[in-house]
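The lines below spell out each chain.
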Amino acid sequence: KLLSIGNDAEGGYIETRWNMVGELDRLPWKPRIDVIGRTKFWYSGEENQVEEVCDGDSRPVQVYFYDEMWEIPAGLALLQLVTPAGTIANSNCASGDDVIA
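Residues numbered from 1 in each chain as written. Predicted model: local features only at pLDDT ≥ 70, side-chain atom pairs only at ≥ 80, totals over all residues. Heavy atoms only, no water.

1. Re the sheet that holds strand E4 (residues 62–70)
Spatially, E1-E2-E3-E4 is the arrangement adopted by the four strands of the open sheet, whose pairing is antiparallel. Looking along the sheet, the strands with just one partner apiece sit at the ends: strand E1 (2–8) and E4. Neighbour to neighbour, the strand axes of the sheet diverge by 25° on average, direction disregarded. Sheet topology places strand E3 (residues 32–44) next to E4; eight bridges connect them, and they run antiparallel. Residue Arg-38 lies in a different strand from E4, and its bridge partner there is Met-69. (Pairing = 2+ DSSP bridges. Helix = DSSP H or I, 4+ residues; strand = E, 2+ residues; numbered from the N terminus. Axes fitted to C-alpha atoms, helices over the stretch in contact; angles between N-to-C directions.)

And the structure:
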């Protein structure tokens, strides 16, 4: 799920916050990986080009670099695979962020 998205035209990147969920129902303990993370996408092009593309302009914007970060350590995310669903929280942050539909 996409939780939020923002554009920093001056910095030349778009930042998203998302929730990745995967269920492994075939295992007896029914583990579930549930991670909240953020991804920044740096794009090339004119400074205001992203807004113009979003408004229907046909000029492409190319992503040349991205950076991803999870809100919990990778080790805790892996522990979700060996414990029953819901045992380990998906984020160290307080919830309350609105989900983008």
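2. Notes on a nonpolar patch on the surface
A contiguous nonpolar surface patch, about 240 Å² in accessible area, is contributed by Leu-24, Leu-27 and Trp-29. Take Leu-27: it is sitting in the loop between strand E2 (13–23) and E3. A relative accessible area of 30% means that Leu-27 is categorised as partly exposed. (Patch = residues over 30% accessible without salt bridge, like charges linked within 9 Å, V, L, I, M, F, W, Y side chains within 5 Å. Areas by Shrake-Rupley, 256 points an atom, 1.4 Å probe, with all protein chains shown as cover. Salt bridge = Lys/Arg side-chain N within 4 Å of Asp/Glu carboxyl O. Buried < 20%, exposed > 50% of the residue type's maximum accessible area, 1.4 Å probe, protein only.)

3. Looking at the environment of Ile-72
Within the secondary structure, Ile-72 sits in the loop between E4 and helix H2 (74–79). The spacing of Ile-72 and Gly-37 is 35 residues in sequence and 8.3 Å in space, taken between C-alpha atoms.

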